[in-house]
Amino acid sequence: MTSTALVKQSPFIADVFAENPEPRCPCVLVLDTSGSMSGQPIDQLNAGYQALLTELLEDALASKRVELAVVTFGPVKLVQDFDTPDMIASSDLEVTGDTPMGEAIEFAIDLVHQRKDVYRQAGIAYYRPWIFVITDGSPTDSWTAAARAVKEGEASNAFSLFAVGVEGADMKTLKQIAVREPIRLRGLRFAELFRWLSNSLKSVSRSTTAERIALPAPTGWAEV
Amino acid sequence: MTRWSIAAAATVGERHIADGRPCEDAWTVRHHIFRGEPWLILAVSDGAGTAGRAQAGSACAVAAFADEAARCLYSDAGMTAERLRDCLGAARVALAVEAGLAGAHIRDFACTLLGAVIGPGTAAFAQIGDGAIVVAGDEPGSWAWMFEPQKGEYANETSFLTGEDALASASVAVLTDVPAEIALFTDGLENLLIRTQPARHVVGQFFDQMFPPVRRVADPGLDEALCEHLAGYLATPAIAARSDDDRTLILATCLLEGVAPAARESETCAIP
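Definitions and cut-offs
Sequence order as written defines the numbering, with residues in each chain counted from 1. In the order they appear in the text, chains get letters beginning with A and ligands get numbers beginning with 1. Under the rules for a predicted model, residues below a pLDDT of 70 receive no local features and side-chain atom pairs below 80 are neither given nor counted, while totals for whole chains, interfaces and linings still include all residues. Side-chain calculation: all heavy atoms of the structure are included, whereas hydrogens and water are not. We define a nonpolar core as any set of buried Ala, Val, Leu, Ile, Met, Phe, Trp, Tyr and Cys residues linked to one another through side-chain atoms lying within 4.5 Å. Throughout, exposure labels follow a simple rule: accessible area from a 1.4 Å probe, protein chains only, divided by the maximum for the residue type, with under 20% read as buried, over 50% as exposed, and the rest as partly exposed. Each helix corresponds to a stretch of at least 4 residues labelled H or I by DSSP, and each strand to a stretch of at least 2 residues labelled E; elements are numbered beginning at the N terminus. The contact definition used throughout considers only heavy atoms, calling two residues in contact when any of these lie within 4.5 Å. To define axes, lines are fitted to C-alpha atoms, for helices over the stretch in contact only, and angles between the resulting N-to-C directions are given on a 0 to 180 degree scale. Oblique is the label for every angle not falling under 35 degrees (roughly parallel), over 145 degrees (roughly antiparallel), or within 65 to 115 degrees (roughly perpendicular). In this scheme the handedness of a crossing depends on how the near helix is turned from the far one: anticlockwise by less than a right angle means left-handed, clockwise means right-handed. Note on pairing: DSSP must find at least two bridges between two strands before they are called paired. What a helix should span is 1.5 Å times the count of its residues minus one. N or O atoms closer than or at 3.5 Å make up a polar contact, with two conditions inside protein: a donor-capable atom paired with an acceptor-capable one, and, for residues adjacent in sequence, both atoms drawn from side chains. Without a salt bridge and with relative accessible area above 30%, a residue can belong to a patch; like charges are then joined within 9 Å and nonpolar side chains (Val, Leu, Ile, Met, Phe, Trp, Tyr) within 5 Å. Under the convention used here, a 1.4 Å probe and the Shrake-Rupley method define accessible areas, while residue burial counts only the protein chains that appear. A pairing counts as a salt bridge when a side-chain nitrogen of Lys or Arg comes within 4 Å of a carboxyl oxygen of Asp or Glu. Each residue is assigned to one class: nonpolar for Ala, Val, Leu, Ile, Met, Phe, Trp, Tyr, Cys and Pro, charged for Asp, Glu, Lys and Arg, and polar for all the others, Gly among them.

Draft legend 1. Structural view of the nonpolar core. Judged by nonpolar contacts, the single largest core of 35 residues is most densely connected at Leu29(A), Leu68(A) and Ile134(A). Elements with a contribution of two residues or more to this core: β1 (25–32), α2 (40–57), β2 (66–73), β4 (130–135), β5 (160–165) and α7 (190–205) of chain A. For this core, the element with the most residues is α7(A), which contributes seven residues. The contacts of Leu68(A), once residues within four sequence positions are left out, are Cys27(A), Tyr49(A), Leu52(A), Leu53(A), Leu56(A), Gln80(A), Asp81(A), Phe82(A), Asp83(A), Ile88(A) and Leu201(A). The next biggest cluster of nonpolar side chains, apart from the first, holds 34 residues, and it includes Ala66(B), Val117(B), Leu161(B) and Ala166(B).

Take a look at the structure:
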C-alpha cells in the first residue's frame, strides 16, 4: 500500500444496525477516474451511478440491504464509505490523476474485510461482498499483489470481483487480475451496465438460503 | 394429562409469486395416543430456492419425519436423541427415494427440517438448517431458541437435510421438562423474529403477542379458524415488507386441564 491515507471505518456502528438489522449486501465500486475518463465517459459514469442509487432506493428490501462504497483512482480515494442507498448523498465524481488500479483493488479488498468485521461485531448477517471494478486504462502501478489477493479472495469465497473494461482498457492485464472473465463495455453504455448491477444486487440482497443466484445476462452493455 | 392447542400456517413469499414459484415451505402437526399417553409431533421445512423440486422436498421431509417419529413411539414409547436422529435419517432416506423415483438428484429436493416430539416428560427437538424452534422459559415472557439457526458465513448459506454431512451437523436435544409453549418457524421469518443487538436473540415480544389467541382456544388440537387467521396475519403487508420469502409458523401451547388461560394476555397481534 502506498501513501494513500486509508480511511478507517467509524467504530460507532451500533445505532445504525439497531435501527436497520436487515442482512447486508456490500458492494464496492472501484472506479477509474483517471484523466482519460474525462468528458463523455465520466459524465456517463456519474449518470449511471446516480441511476443505480435511485433504482436501489425504489426497492424496499434492497434499499435497506445493499451497502455501497465507492473507491476512485487515482489517487486512490474512499469517496463513499459503506452505507445503504438512503444514507448516501449523491456527489459527482471528478476526473483526477493516473491509474493506480492495483492499489485501488487492494484498498477495496481491505475495505471489504473491515466491513465484514463490523458486521460480525454488530451481529449482522451479510451476503458475499462484491467488488466491481470499472476502468478504461492500464494500471500505472504494480498490480501483481492485487492479482494475488483477488485470487485468494475468490478461492476462499471472501468476495466476488467483477471487472469491466471501457474502451481503451487493457483487457489483457484486467484478465490477469480478475479471476472471472472481464467484460468489455459496449460503447459508453454505462446506463445499461448500472441497471444490470442494480438488478443483480436486488437479486442477491433478497436471496435466501443456498439460492444460487442466477444473475441477469449482461445483455445490452457487454461486448461479446 | 396435558393437551395442546395449536395454530399453524405457511404463507407463500411475494418473491415466489413474482417468480411463478409456489410456497416451498411445508409443515405438519400430528397427535397420537400411545399406551394411553398423548404425543405431539411438529415439523416445519423450507425447500431451498435453488432446488428444482423444493416443494416436494419440504413436504416429503416433514411427513417422513413425523411418520418415523410415530413409528418409534408406537414400537417403544419414548424418544431419545438417538431415535430423533433416526427420524432425521428416515426423512433423508425418503428424499433419496423420491429422487430415485423421479430420476432426479437428492439435491433437487434440498430443504431444511425442524422437528419437535413432545410427550409426557419428554420434549425432543431436532434441527438441520436455519429457522428456529423457540420455547417458553419458566418466567412469563422469557423465550429462547433451542438451537441457533445454522448459517454459513453468508446470509444465504445454510445446511440442508440433503447435504452429505446433514445428520452429523444436525442439532438434537431432549428435555425432560416440557416447555409450556413451543413455536417453530422457517427462515422467512428469521428477519423479523431474530434480533442481533446486543447479541443474537429471539424477539420475545412477538411470541408474547402471538400466543394469547392460541391459549384462549377451548378445545385442544389444531384449530382451523386460528390457522386461517394466522395465514392471513403472515401475509399482511407489514410482515411482507420485512421478508418476501415463504413464511411458516407453528404455535403450540399446552392447555392444562382445570387451569384458565393466563390473565396477562393482550389481544393484539402486532409486529414487534
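After that view, the rundown keeps rolling.
Draft legend 2. Here's a closer look at the packing of helix α6 (residues 204–216) of chain B against helix α7 (residues 224–234) of chain B. All names here are of chain B. One can describe the packing of α6 onto α7 by two numbers: an axis separation of 10 Å at closest approach and a directional angle of 150 degrees. With respect to α7, the element α6 is oriented roughly antiparallel. Between α6 and α7 the crossing geometry is right-handed. Judged by residue contacts, Phe206, Met210, Pro213 and Val214 of α6 engage Leu226, Leu230 and Tyr233 from α7.

Draft legend 3. Molecular detail of the sheet that holds β2(A). Residues and elements named next belong to chain A. Spatial ordering of the open sheet is given by β3-β2-β1-β4-β5-β6-β7, a layout of seven strands whose pairing is mixed. A strand with exactly one partner marks an edge of an open sheet, and here the two such strands are β3 (77–83) and β7 (222–223). Bridge count between β4 and β5: six bridges; the pairing is parallel. If you follow Ile134 over to β5, its bridge partner there is Val164. Along the sheet, α7 makes contact with β1, β2, β4, β5 and β6 (183–185), crossing β4 at roughly 175 degrees.

Draft legend 4. Representation of the pairing of strand β2 (residues 25–34) of chain B. All names here are of chain B. With ten bridges joining them, β2 and strand β3 (residues 37–46) adopt antiparallel strand pairing. Directly across from Arg30, in β3, lies its bridge partner Ile41. Linkage of β2 to β3, two consecutive antiparallel strands, is achieved through a turn of two residues, within which Arg35 is found at a positive phi near 50 degrees.

Draft legend 5. Summary view of helix α4 (residues 101–122) of chain A. Residue and element names in this part refer to chain A. The end-to-end C-alpha distance of α4 is 31 Å, a good match for the 32 Å that 22 residues give at a rise of 1.5 Å each. Counting buried positions along α4 gives 16 out of 22 residues, so the element sits mostly inside the fold. Gly123 lies just past α4 and shows a positive phi near 70 degrees.

Draft legend 6. Structural detail: the side chain of Ser160(A). Residues and elements named next belong to chain A. With respect to the helices, strands and loops of the structure, Ser160 is situated in strand β5. The exposure class of Ser160 is buried, given its relative accessible area of 4%. Within the structure, the side chain of Ser160 is placed 3.2 Å from the side chain of Arg180, a separation counted as a polar contact. When near neighbours in sequence (up to four residues on either side) are disregarded, Ser160 contacts Arg128, Pro129, Trp130, Ile131, Glu154 and Arg180.

Draft legend 7. Expanded view of the pairing of strand β9 (residues 181–185) of chain B. Residues and elements named next belong to chain B. With five of five residues buried, β9 lies mostly within the body of the structure. Of the two faces of β9, both are covered, the one formed by Glu181, Ala183 and Phe185 as well as the one formed by Ile182 and Leu184. Where strand β6 (residues 132–136) and β9 come together, four bridges link them in antiparallel fashion. Note on β9: the bridge partner recorded for Ala132 is Phe185. In terms of strand pairing, β9 meets strand β13 (residues 247–256) through five bridges, oriented antiparallel. Across the sheet, the residue bridging to Leu184 is Ile250, located in β13.

Draft legend 8. Summary view of a nonpolar patch on the surface. Taken together, the side chains of Val93(B), Val97(B) and Leu101(B) define a hydrophobic patch exposed on the protein surface, amounting to about 310 Å² of accessible area. Examined against the element boundaries, Val93(B) turns out to sit in helix α3 (residues 81–102).

Draft legend 9. A look at the packing of helix α2 (residues 54–75) of chain B against α3(B). Residues and elements named next belong to chain B. Interhelical geometry of α2 versus α3 gives an angle of 140 degrees and a closest axis separation of 8 Å. As summarised for this structure, α2 and α3 are arranged oblique, according to the angle between their axes. In this structure, α2 meets α3 at a crossing whose hand is right-handed. Packed against α2, whose contacting residues are Gly57, Cys60, Ala61, Ala64, Phe65, Glu68, Ala69 and Cys72, the element α3 presents Arg83, Leu84, Asp86, Cys87, Leu88, Ala90, Ala91, Ala94, Leu95 and Glu98 at the interface. Residues belonging to the contact of α2 with α3 are distributed by class as follows: 13 nonpolar, one polar and four charged.

Note that every value here comes from positions in space, so none of it alone points to a role or purpose.
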